[in-house]
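Now for the letters of each chain:
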Amino acid sequence: MSNLVFVGSREIGFFSEQVASRYNLEVEYIPSNGHITQQINEILYISQVQCIVYDIQQYIDDPEIICEEILKIQNCNGATPIIYAPGFSTFSRVIVALYEGGISEFILASDLSEQRSQLEKCMNGYYSKNGIAELEVIKTLSEQEAQLKDELKYTTIGVVGTANRIGTTTQALHITKYLIAKGYTACYVHINNTNYIKDLQEWWGAEIQDDFIGKVVYEGIDHFYKTEHLTEIKKLGYDFYVYDYGSFTNHFNRESFLERDIKIYVLGWKPSEMQATFKLLQSKIHTDGKYILSFGDELPEEDIEGIMGERKNSTIVPTRCTEPYKLYDVNTYDPIFQLDARIEEESKRKGFFKLFGGKNK
């Protein structure tokens, strides 16, 4: 029997099994590893390989190295390389490097059913033969993004948690409310594979403002959930875009997160959470960011210092609040954003308009 190889964990790659069975293929998994070079022997050991799906979220290698090694593997066994990059923007550095290197089969969807559809097209060489609009303009998208950002002067914020259920989404929403309370325009962007937005609409009666672009409004916050429309969303002119990436353990889109202007890590301190917290603090990649010690407001100062070490000065411990749409302290996130100086500067520059009720942006 021929094989489809998924380079990454079964927890992530299980969606491929249904598609593979339609073509009488068996799915083989290669354990995740930060370096693709350490997976080569295991990949080449498998015989009769038709397609290899690479979960590029796992790698800490430079994109050029990833591309080079994938092409070497293809030269050896002839298997079609397929890049699994759910939610990645087409202007991400790694996607650009792979595309320009000659790889043209990508799975970029976040929805499982759409991932299966894209995988089947990739297996049939659909994109390499016909192209897809997103990839045809990939070489200019990064330039368009830079120009758009320069014109609109927006700031992107990434929020990710070290584990599930430690308040990552709550913190992302609190940050959005904080920025709005400070006089800026801000929106929440759902960029993980949980059902939060769906549940919000179903159980809390959120209003759908624009089903095409994927906009939901609740408690004065604009929520966006269709990442394929990020370019259009950014043209709406918010000052801040707050991206909720979920947790490291739940299909974390690392490449996209690392592109954000401000990176915020939500950490846990309970015994079951400490391993994930220290793994992050010891990371050589995730070093440029701010830290939120979730539910740590009752911890003694020396305990916080013991956990965070030299990064204590980059850490805030917000007042405990489990309700996502309530903000108990409007100044909670001041140490992260230091907006007062910006507000003062904006007030001087736009004072005339503010006196007469103009928009503060």
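Note: the structure precedes this text.
Owing to the predicted nature of the structure, the values given are computational and were not obtained by experimental measurement.

So what about the overall build of the protein chain? Which residues, and what values?
Helix and strand content of the protein chain: 17 helices and 14 strands. Every one of the 361 residues in the protein chain was classed for burial, and the buried ones make up 51%. Sequence-distant contacts, at least 24 apart, represent 66% of the contacts inside the protein chain between residues at least 6 apart. Per element, the accessible surface of the protein chain, about 17700 Å² overall, is 47% carbon and sulfur.

Could you give me a rundown of the side chain of Asp 244, with the residues and numbers involved?
Take Asp 244: it is sitting in strand S11 (residues 240-247). Buried within the structure, Asp 244 lacks any salt-bridge partner; Arg 260 is the closest side chain of opposite charge, at an N-O distance of 12 Å. The contacts of Asp 244, once residues within four sequence positions are left out, are Val 159, Thr 168, Thr 169, Ala 172, Tyr 188, Val 189, His 190, Ile 191 and Asn 192.

Tell me what's going on with the pairing of strand S3 (residues 49-55), and back it up with residues and numbers.
Looking along a regular strand, one sees the side chains alternate between the two faces of the sheet. Across the seven residues that make up S3, a large majority, six, are buried. When strand S1 (residues 3-7) meets S3, the two strands line up parallel, connected through five bridges. When the sheet's bridge partners are listed, Val 7 is paired in S3 with Tyr 54. Relative to strand S4 (residues 80-84), S3 is paired through five bridges, and the arrangement is parallel. Bridge pairing in S4 links Ile 52 to Pro 81. A crossover links S3 with its parallel partner S4, the connecting element being helix H4 (residues 63-77), and its sense is right-handed.

I'd like a description of the sheet that holds strand S8 (residues 207-210), backed by residues and values.
Sheet architecture is open: nine strands sit in the order S8-S9-S10-S7-S11-S6-S12-S13-S14, paired in mixed fashion. Looking at the sheet topology across the chains shown, the edges are occupied by S8 and strand S14 (315-316). Where strand S12 (residues 262-267) meets strand S13 (residues 290-293), four bridges bridge the pair, whose relative direction is parallel. Counterpart to Ile 264 in the pairing with S13 is Lys 290. Seen against the sheet, helix H11 (residues 196-204) touches strand S7 (186-190), S8, strand S9 (215-218) and strand S10 (221-224) and runs at an angle of roughly 50° to S9.

Describe the packing of aromatic side chains, with residues and values.
As enumerated under the stated definition, the model contains 21 aromatic pairs in all. Geometrically, the ring pair formed by Tyr 126 and Tyr 127 is edge-to-face, given 5.4 Å between the ring centres and 80° between the ring planes. Between the aromatic rings of Trp 204 and Tyr 218, the centroid separation amounts to 5.8 Å while the plane-to-plane angle is 40°, which identifies the pairing as tilted. With Trp 204 in helix H11 and Tyr 218 in strand S9, this residue pair connects regions lying 14 residues apart in the sequence. Under the relative-accessibility criterion, Tyr 218 is labelled buried at 18%. Feature note: the residues Tyr 243, Tyr 245, Phe 248, Phe 257, Tyr 265 and Tyr 291 constitute an aromatic cluster, connected by ring pairs. Residue placement shows Arg 260 over the ring face of Tyr 243; its charged tip is 4.3 Å from the ring centre.

Pulling in residues and values, what's your account of the packing of H4 against helix H5 (residues 93-100)?
Where H4 contacts H5, the two axes come as close as 9 Å, and the packing angle between them is 35°. Judged by the sense of rotation from one axis to the other, the crossing of H4 with H5 is right-handed. Taken together, the residues of H5 that come into contact with H4 (itself represented by Pro 63, Glu 64, Ile 66, Cys 67 and Ile 70) are Arg 93, Val 94, Ala 97 and Leu 98. In terms of residue class, the contact of H4 with H5 is made up of seven nonpolar, no polar and two charged.

Account for the nonpolar core, with residues named and values stated.
Ile 157, Val 159, Ile 175, Leu 179, Ile 264, Tyr 333 and Phe 337 are the most contacted members of the largest nonpolar core, which totals 30 residues. With residues up to four places along the chain from it excluded, the contact list for Tyr 333 reads Gln 171, His 174, Ile 175, Tyr 178, Ile 292, Ile 316 and Leu 327.

Mind laying out a negative patch on the surface, listing which residues take part and the relevant values?
On the surface, a cluster of negative charge is contributed by Asp 111, Glu 114, Glu 228 and Glu 232. Among the structural elements, Glu 232 can be located in helix H12 (residues 230-234). According to the relative accessible area criterion, Glu 232 is partly exposed, its value standing at 36%.

Can you tell me about the sheet that holds S4, naming the residues and giving the values?
Sheet architecture is open: five strands sit in the order S2-S1-S3-S4-S5, paired in parallel fashion. Two strands close off the open sheet at either side, each with one partner strand: strand S2 (26-30) and strand S5 (106-107). The strands touched by helix H2 (residues 15-22) within the sheet are S1, S2, S4 and S5, with S2 carrying the most contacts at an inclination of about 145°. Running over the sheet, H4 touches S3 and S4 and is turned about 170° from S3.

Kindly report on H2, identifying the contributing residues and their values.
All of the buried residues in H2 are Phe 15, Ser 16, Val 19 and Ala 20. Along the axis of H2, the buried positions cluster into a sector of 120°, meaning they face one direction only.

Conventions used here
- Residues numbered from 1 in each chain as written.
- Predicted model: local features only at pLDDT ≥ 70, side-chain atom pairs only at ≥ 80, totals over all residues.
- Heavy atoms only, no water.
- Helix = DSSP H or I, 4+ residues; strand = E, 2+ residues; numbered from the N terminus.
- Buried < 20%, exposed > 50% of the residue type's maximum accessible area, 1.4 Å probe, protein only.
- Contact = heavy atoms within 4.5 Å.
- Areas by Shrake-Rupley, 256 points an atom, 1.4 Å probe, with all protein chains shown as cover.
- Lys, Arg positive; Asp, Glu negative; His and termini not counted.
- Salt bridge = Lys/Arg side-chain N within 4 Å of Asp/Glu carboxyl O.
- Pairing = 2+ DSSP bridges.
- Right-handed = clockwise from strand over helix to strand, strands pointing away.
- Axes fitted to C-alpha atoms, helices over the stretch in contact; angles between N-to-C directions.
- Phe/Tyr/Trp six-rings, centres within 6.5 Å; stacked < 30°, edge-to-face > 60°.
- Lys NZ or Arg CZ within 6 Å of the ring centre and 35° of its normal.
- Left-handed = near helix turned anticlockwise from the far one by under 90°.
- Nonpolar A, V, L, I, M, F, W, Y, C, P; charged D, E, K, R; others polar.
- Core = buried A, V, L, I, M, F, W, Y, C linked by side-chain atoms within 4.5 Å.
- Patch = residues over 30% accessible without salt bridge, like charges linked within 9 Å, V, L, I, M, F, W, Y side chains within 5 Å.
- Charge placed at Lys NZ, Arg CZ, Asp CG, Glu CD.
- Arc of directions from axis to C-beta.

Spatial relationships are all this shows, so hold off on functional conclusions.
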